[in-house]
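Below are the chains, spelled out letter by letter.
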Amino acid sequence: MKKTIICRCEDVTEEDVLQAIDEGFEDIEELRKRLRLGMGPCQGRTCIPLVIRILAKKTGKNVEDIPLPTSRPPIVPVTLEALASDEDEE
Amino acid sequence: MKMKNKADVVIVGGGVNGCSLAYQLAKKGLDVVLLEKKYICSGATGRCGAGIRQQWSTKENTMLAMESVKIFEKLSRELGFDIGLRQGGYLIVVHDKKEMRQAEKNVEMQKTLGLDVSIIDSDEIKEIVPILDVKGMHAIAATFCPTDGHADPFKTTFAYAMAAKKEGATILTHTPVIRVLKEKNAVKGVKTNKGEIKAPVVVNAAGVWSKKVAETAGINLPNQPYRKEIMVTERIKPMFEAMVISFKDGIYFSQQDEGQILGGIPNPHERKGYLTDPTFSFIQHMSKTLLRYAPPLGYLRVIRHWTGFYDVSPDARPIIGEDDKVKGFIHCHGFSGHGFMLSPMVTKLLTEYIADGKTSPFLEWLSLERFKGKTIQKEVSVVG
Ligand SMILES: Cc1cc2nc3c(=O)[nH]c(=O)nc-3n(C[C@H](O)[C@H](O)[C@H](O)COP(=O)(O)OP(=O)(O)OC[C@H]3O[C@@H](n4cnc5c(N)ncnc54)[C@H](O)[C@@H]3O)c2cc1C
Ligand code: FES
């Protein structure tokens with residue numbers, strides 16, 4: 001069967017998402033924890049919009065009614081070195 | 001789903017402890033309903049490091065952790081789902097003579113219990129985790145136990161939850177318990193946002209919210225919430241398998257199966273209260289300390305950083321067992337920073353108590369009553 005990748009960073013397919021929804025993981029936050037989807041370096045920028053559409057279709061909700069996951073810092077990945085550099089300036 | 005209105009046991013909380021209990025009790029043939037206010041793993045379990053350590057300073061914690069590891073080792077097979085267990089060992093850094101004396105004492109006690117643990121020198125430290133800078137982290141030695149490790153907290157908890165459902169347990173998410181119902185001095189059930197469920201036994205496994213749940217039954221808990229922050233980097237090729245920790249610096253970090261470095265440290269500028277926003281002072285302090293321990297990691301990018309709460313008891317040991325005043329009210333909280341690793345054994349003891357009426361010296365040692373008029377024997381081997 002042809003597989004459609006939804007989350008490239010964490011290698012999650014459309015089938016994985018559909019199966020998890022059937023298991024009862026019905027919102028983004030739950031799917032994220034179940035499948036690690038959205039937890040990769042792009043932090044869900046690629047996959048979350050796709051998942052929202054799948055969820056909307058499966059649950060018959062409007063796209064706007066699906067709550068977005070909590071956004072967690074840093075917004076853009078930063079190196080440990082840069083983060084460690086200016087402790088004294090605080 | 002149609003709401004059930006009675007059960008043998010109601011469990012409040014869908015973290016690792018609640019789900020493990022639901023599985024074991026259902027397997028014993030009891031009619032179990034687990035109620036979770038949000039979703040499975042939404043509490044501390046879904047935010048934790050899920051490290052599994054058997055190197056403790058008290059005999060009882062060491063025994064509980066050792067028994068738990070034996071259960072973890074067989075758990076994927078028993079539940080029919082992979083829990084992502086990896087035993088890469090815990091390397092506990094020893095910084096000075098005082099820590100050395102405590103380490104010697106701990107290792108001696110742990111060995112009498114049959115734990116494979118030893119004190120190792122700088123060369124052996126570099127062999128186990130080559131990227132460590134022994135000088136930079138001010139180490140004079142370390143203790144190492146190769147069977148310590150970690151499991152995947154999501155996989156483990158979902159495995160329990162799915163196995164529990166297979167055994168006939170009912171798990172209702174997005175169903176908060178508003179109040180525990182009582183008649184005289186016995187539990188009668190719970191009131192939820194969707195109606196009441198009658199039950200003679202109610203387990204309080206609500207993590208940091210346990211204090212609030214207990215209050216509704218007129219029980220006062222000594223637990224305190226402690227805010228903790230944790231971070232994870234992007235993935236890199238596997239470099240080391242051990243969890244590195246230091247009681248003095250409070251840091252812990254490891255490389256996960258998928259390749260990311262995950263770790264935490266106490267925030268030097270901690271603020272009081274239930275604040276959930278991650279802070280810059282944490283990430284700065286963490287990065288600085290981590291690079292002092294492992295300089296080659298400097299180029300790695302931090303991709304996520306979040307907070308969670310420890311539900312801390314006065315002696316940093318869990319509080320489990322039946323309440324001595326309210327019959328049928330079962331405590332299962334106060335896990336402090338180690339409720340994942342101890343969960344297999346703690347929930348086994350509770351299951352045997354609830355299903356078979358079996359008591360154990362551990363239940364006495366971990367009872368709420370231990371705080372009444374006694375001096376507290378505090379676990380000293382804690383990090384994060
Ligand atoms: C940053 C961090 C790192 C950690 N690292 C480790 C580690 O390396 N090793 C380790 O062993 N432990 C670690 N811990 C501790 C560990 O996470 C916890 O001790 C453990 O997960 C507790 O599990 P639990 O099932 O008891 O509680 P929780 O996972 O907190 O679950 C309680 C559940 O109850 C639900 N709930 C609350 N109130 C109600 C209500 N009224 N009705 C219905 N449901 C309700 C919540 O939504 C929650 O899902 C760490 C914790 C944190 C925060
Ligand atoms: S595509 Fe899912 S996290 Fe990047």
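Every chain begins its residue count from 1, and numbering advances along the sequence as written. To read the labels, note that chains go from A and ligands from 1, taken in the order they are written. Residues qualify for local features only when their pLDDT is at least 70, as the model is predicted, and side-chain atom pairs are given and counted only at 80 or more; totals for whole chains, interfaces and linings, by contrast, use all residues. Side-chain metrics in this entry use all non-hydrogen atoms of the structure; hydrogen atoms and water are not considered.

Undergrad: I'd like a description of the overall build of chain A, backed by residues and values.
TA: Tallying secondary structure elements over chain A gives four helices and three strands in all. Order of helices (α) and strands (β) in chain A, N terminus to C terminus: β-β-α-α-α-β-α. We compute the radius of gyration from the C-alpha atoms alone; for a globule the expected value is 2.2 Å times N to the 0.38, where N is the number of residues. The C-alpha atoms of chain A give a radius of gyration of 16 Å, which is well past the 12 Å a tight globule of 90 residues would have. By its C-alpha atoms, chain A is 50 × 30 × 20 Å across when sized along the principal axes. For helices the rule is a DSSP run of H or I covering at least 4 residues; for strands it is a run of E covering at least 2, with both sets numbered from the N terminus onward.

Undergrad: I'd like a rundown of the site of ligand 1, residues and numbers included.
TA: Residue and element names in this part refer to chain B. We call a residue near a molecule or strand as soon as one heavy atom of that residue lies within 4 Å of the molecule or strand. Taken together, 39 residues surround ligand 1, and among them Glu-36, Thr-45, Gly-51, Val-177 and Met-341 come closest. Within 3.5 Å is the distance limit for a polar contact, defined as a pair of N or O atoms, with the added protein rule that one can donate a hydrogen and the other accept it, and that residues adjacent in sequence qualify only through two side-chain atoms. Separating an oxygen atom of ligand 1 from a backbone N or O atom of Gly-51 is a distance of 2.8 Å. Within the backbone of Phe-340, an N or O atom sits 3.0 Å from an oxygen atom of ligand 1. With the chains in place, 96% of the 1,000 Å² that ligand 1 exposes on its own is no longer accessible. Contributions of two or more residues to the shell around ligand 1 are made by helix H1 (16-27), strand E13 (224-235), strand E17 (301-312) and strand E20 (335-336). Split by residue class, the shell around ligand 1 holds 19 nonpolar, 16 polar and four charged. Surface accessibility in these figures is a Shrake-Rupley result with a 1.4 Å probe; residues are shielded only by whichever protein chains are displayed. Amino acids outside the nonpolar list (Ala, Val, Leu, Ile, Met, Phe, Trp, Tyr, Cys, Pro) and the charged list (Asp, Glu, Lys, Arg) are all regarded as polar, and Gly is one of them.

Undergrad: Residue-level account of the sheet that holds strand E9 (residues 177-183) of chain B, with values.
TA: Residue and element names in this part refer to chain B. We call two strands paired when DSSP finds no fewer than two bridges between them. A sheet is described by the order of its strands in space; here three strands give the open sequence E9-E10-E11, paired in antiparallel fashion. Pairing within the sheet leaves two strands with one partner each, and these edge strands are E9 and strand E11 (195-198). Each neighbouring strand pair of the sheet contributes to a mean axis angle of 25°, computed without reference to strand direction. The axes used here are C-alpha line fits, helices contributing only the stretch in contact, and every angle between their N-to-C directions lies in the interval 0 to 180 degrees.

Undergrad: Describe the packing of H1 of chain B against helix H5 (residues 153-166) of chain B, and please don't skip the residues or the numbers.
TA: Residue and element names in this part refer to chain B. Two elements in contact, H1 and H5, have axes separated by 8 Å at closest approach and are oriented at 30°. Here H1 is positioned roughly parallel relative to H5, judged by the angle of their axes. Considering only the axes of H1 and H5, their crossing is left-handed. Two secondary-structure elements touch here, H1 through Val-16, Cys-19, Ser-20, Ala-22, Tyr-23 and Ala-26 and H5 through Thr-156, Thr-157, Tyr-160, Ala-161, Ala-163 and Ala-164. Residue classes in the contact of H1 with H5 are distributed as nine nonpolar, three polar and no charged. Any angle between 65 and 115 degrees counts as roughly perpendicular, while under 35 counts as roughly parallel, over 145 as roughly antiparallel, and the rest as oblique. Crossing handedness is read from the near helix: turned anticlockwise from the far helix by less than a right angle, it gives a left-handed crossing, and turned clockwise, a right-handed one. For this analysis, residues touch if any pair of their heavy atoms sits within 4.5 Å.

Undergrad: Describe in detail H5 of chain B, supporting the description with residues and values.
TA: Its 14 residues give H5 of chain B an end-to-end C-alpha distance of 20 Å, which sits within 8% of 20 Å, the value for a rise of 1.5 Å per residue. With respect to burial, H5 of chain B is a largely interior element, 11 of its 14 residues being buried. Each residue gets one of three labels from its accessible area relative to the maximum for its type: buried under 20%, exposed over 50%, partly exposed in between, using a 1.4 Å probe on protein chains only. Buried within H5 of chain B we find Pro-153, Phe-154, Thr-156, Thr-157, Phe-158, Ala-159, Tyr-160, Ala-161, Met-162, Ala-163 and Ala-164 of chain B. Of the surrounding elements, those touching the buried residues of H5 of chain B are helix H1 (14-23) and helix H2 (28-35) of chain A together with H1, helix H2 (59-79), strand E8 (170-172) and helix H8 (343-356) of chain B. Multiplying 1.5 Å by the residue count of a helix minus one yields the expected span of that helix.

Undergrad: I'd like a rundown of the interface of chain A and chain B, residues and numbers included.
TA: Every contact between the two is made by 28 residues of chain A and, on the other side, 35 residues of chain B. Buried area adds together the accessible area that both of two parts lose upon being put together, with accessible area traced by a 1.4 Å probe. For the pairing of chain A and chain B, the buried interface totals around 3,000 Å² over both sides, and the portion due to carbon and sulfur atoms is 57%. A side-chain nitrogen of Lys or Arg and a carboxyl oxygen of Asp or Glu constitute a salt bridge if their distance falls within 4 Å. Our count for the chain A to chain B interface comes out at one salt bridge. With a closest N to O distance of 2.5 Å, Arg-235 of chain B and Glu-10 of chain A form a salt bridge. Joining chain A to chain B, the criterion identifies seven residue pairs in polar contact (both at pLDDT 80 or more). Those elements giving two or more residues to the side of chain A that touches chain B turn out to be H2, strand E3 (78-79) and helix H4 (80-84) of chain A. The sheet contact formed by E3 of chain A and E17 of chain B spans two bridges and is antiparallel. Within the sheet, the bridge partner assigned to Val-78 of chain A lies in E17 of chain B and is Val-302 of chain B.

Undergrad: Give a description of the pattern of salt bridges that names residues and reports values.
TA: One pass over the full model with this rule turns up 22 salt bridges over all chains. As a salt-bridge pair, Glu-229 of chain B and Arg-227 of chain B come within 2.7 Å of each other at their nearest N and O atoms. Accessibility expressed as a relative area gives 7% for Arg-227 of chain B, which makes it buried. Overlapping salt bridges bring together Glu-10 and Arg-36 of chain A together with Arg-235 of chain B as one network.

Undergrad: Explain the side chain of Arg-227 of chain B to me, using residue names and the numbers behind them.
TA: With respect to the helices, strands and loops of the structure, Arg-227 of chain B is situated in strand E13. A distance of 2.7 Å separates a polar atom in the side chain of Arg-227 of chain B from a polar atom in the side chain of Glu-229 of chain B.

Undergrad: I'd like a description of the environment of Asp-96 of chain B, backed by residues and values.
TA: Residues and elements named next belong to chain B. Among the structural elements, Asp-96 can be located in the loop between strand E4 (90-94) and helix H3 (97-112). Using a relative accessible area of 26% as the deciding quantity, one classes Asp-96 as partly exposed. Spatially, the C-alpha atom of Asp-96 lies 21 Å from that of Phe-253, the residues being 157 residues apart in sequence. Ignoring sequence-local partners within four residues, the contact set of Asp-96 consists of Ile-140 and Lys-248.

Undergrad: Run through the packing of aromatic side chains, naming residues and quoting values.
TA: Two aromatic rings, drawn from Phe, Tyr or Trp (for Trp, its six-membered ring), form a pair once their centres lie within 6.5 Å of each other, and the interplanar angle then sorts them: stacked below 30 degrees, edge-to-face above 60, tilted otherwise. The full count for this structure, using the stated rule, is five aromatic pairs over all chains. Between Phe-25 of chain A and Phe-158 of chain B, the aromatic rings sit 4.7 Å apart at their centres with planes inclined by 85°, giving edge-to-face as the arrangement. Taken together, the positions of Phe-25 of chain A in the loop between H1 and H2 and Phe-158 of chain B in helix H5 put the pair across two chains. For the pair Phe-25 of chain A and Phe-158 of chain B, a shared accessibility class is recorded, and that class is buried. Taken together, a centroid distance of 6.3 Å and an interplanar angle of 45° make the contact between Tyr-23 of chain B and Tyr-160 of chain B tilted. In this pair, Tyr-23 of chain B sits in helix H1 while Tyr-160 of chain B sits in helix H5, placing the two residues 137 residues apart along the sequence.

Undergrad: Give me the lowdown on a negative patch on the surface, citing residues and values where you can.
TA: Side chains of Asp-121, Asp-123, Glu-124 and Glu-127 of chain B sit close together on the surface and give a patch of like negative charge. Positionally, Asp-123 of chain B belongs in helix H4 (residues 122-128). Patches were defined on residues exceeding 30% relative accessible area and lacking a salt bridge, with like-charge contacts within 9 Å and nonpolar side-chain contacts (Val, Leu, Ile, Met, Phe, Trp, Tyr) within 5 Å. For the purpose of charge, His is not counted, nor are the chain termini; Lys and Arg are scored as positive and Asp and Glu as negative. Note on charges: their place is set at NZ of Lys, CZ of Arg, CG of Asp or CD of Glu.

Undergrad: I'd love a proper account of the pairing of E11 of chain B, names of residues and values included.
TA: Two faces, one strand: in a regular strand the side chains alternate between the faces of the sheet. All names here are of chain B. For strand E10 (residues 186-192) and E11, the ladder comprises four bridges, and the chain directions are antiparallel. Its bridge partner lying in E11, Lys-191 is registered against Glu-196. Between E10 and E11, which pair antiparallel and follow one another directly, the connecting turn spans two residues.

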